[in-house]
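# An overview of the molecular structure
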Amino acid sequence: MRISLIGATGNAGSRILAELARGHQVTAIVRHPREVPQLDGVIAKECDANRVDDLASMLRDHDVVISSVHSWTARPTS
């Protein structure tokens, strides 16, 4: 199975990546590809997840897409 993992170097993403690497082909979509560990079946690709057109092209030909990107608001909530 070909899986895209957006945010593969974050706290949750790195744990998800370790599990997916056991038997799947994974495209790790990250801002800093050098931070992706060298694992069998894992290819690191650089992409800003906010750039929708760039992200869409990276997701083609994958069976599953997983996003582990943490979102937050830049404005104070108080």
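Throughout, a residue's number is its position along its own chain's written sequence, starting from 1. With pLDDT at 70 or above as the cut-off, local features in this predicted model cover only qualifying residues; side-chain atom pairs require 80 or more to be listed or tallied, and sums for whole chains, interfaces and linings still use all residues. Calculation of side-chain values draws on the structure's entire complement of heavy atoms; hydrogens and water are dropped beforehand.

Turning next to the environment of Arg2. Strands here are runs of E lasting at least two residues and helices are runs of H or I lasting at least four, both read from the DSSP assignment and numbered beginning at the N terminus. If you trace the backbone, Arg2 turns up in strand β1 (residues 2–6). The cut-offs for exposure are 20% and 50% of the maximum accessible area for each residue type, with area from a 1.4 Å probe on protein chains only; residues under the lower value are buried, those over the upper are exposed, and the others partly exposed. For Arg2, a relative accessible area of 33% translates into the label partly exposed. Note: C-alpha distance between Arg2 and Gln25 (23 residues apart in sequence) is 4.9 Å. In this structure, Arg2 is in contact with Gln25, Thr27, Asp61, His62, Asp63 and Val64, ignoring residues within four places of it in sequence. Should any heavy atoms of two residues lie within 4.5 Å, those residues are considered in contact.

A word on the sheet that holds strand β2 (residues 25–30). Hydrogen bonds along the backbone pair up the strands of a sheet, which may run parallel or antiparallel. Strand order in the open sheet formed by four strands is β3-β2-β1-β4, with parallel pairing between adjacent strands. Unpaired on one side and paired on the other, β3 (42–46) and β4 (64–67) mark the two borders of the sheet. Strand-to-strand twist across the sheet, computed as the mean angle between neighbouring axes with direction ignored, equals 20 degrees. Throughout, an axis means a line fitted to C-alpha atoms (over the contacting stretch in the case of helices), and angles, computed between N-to-C directions, take values from 0 to 180 degrees. The sheet strands contacting helix α2 (residues 52–59) are β1, β2, β3 and β4, and the helix crosses β1 at an angle near 155 degrees. By this definition, two strands are paired if DSSP reports at least two bridges between them.

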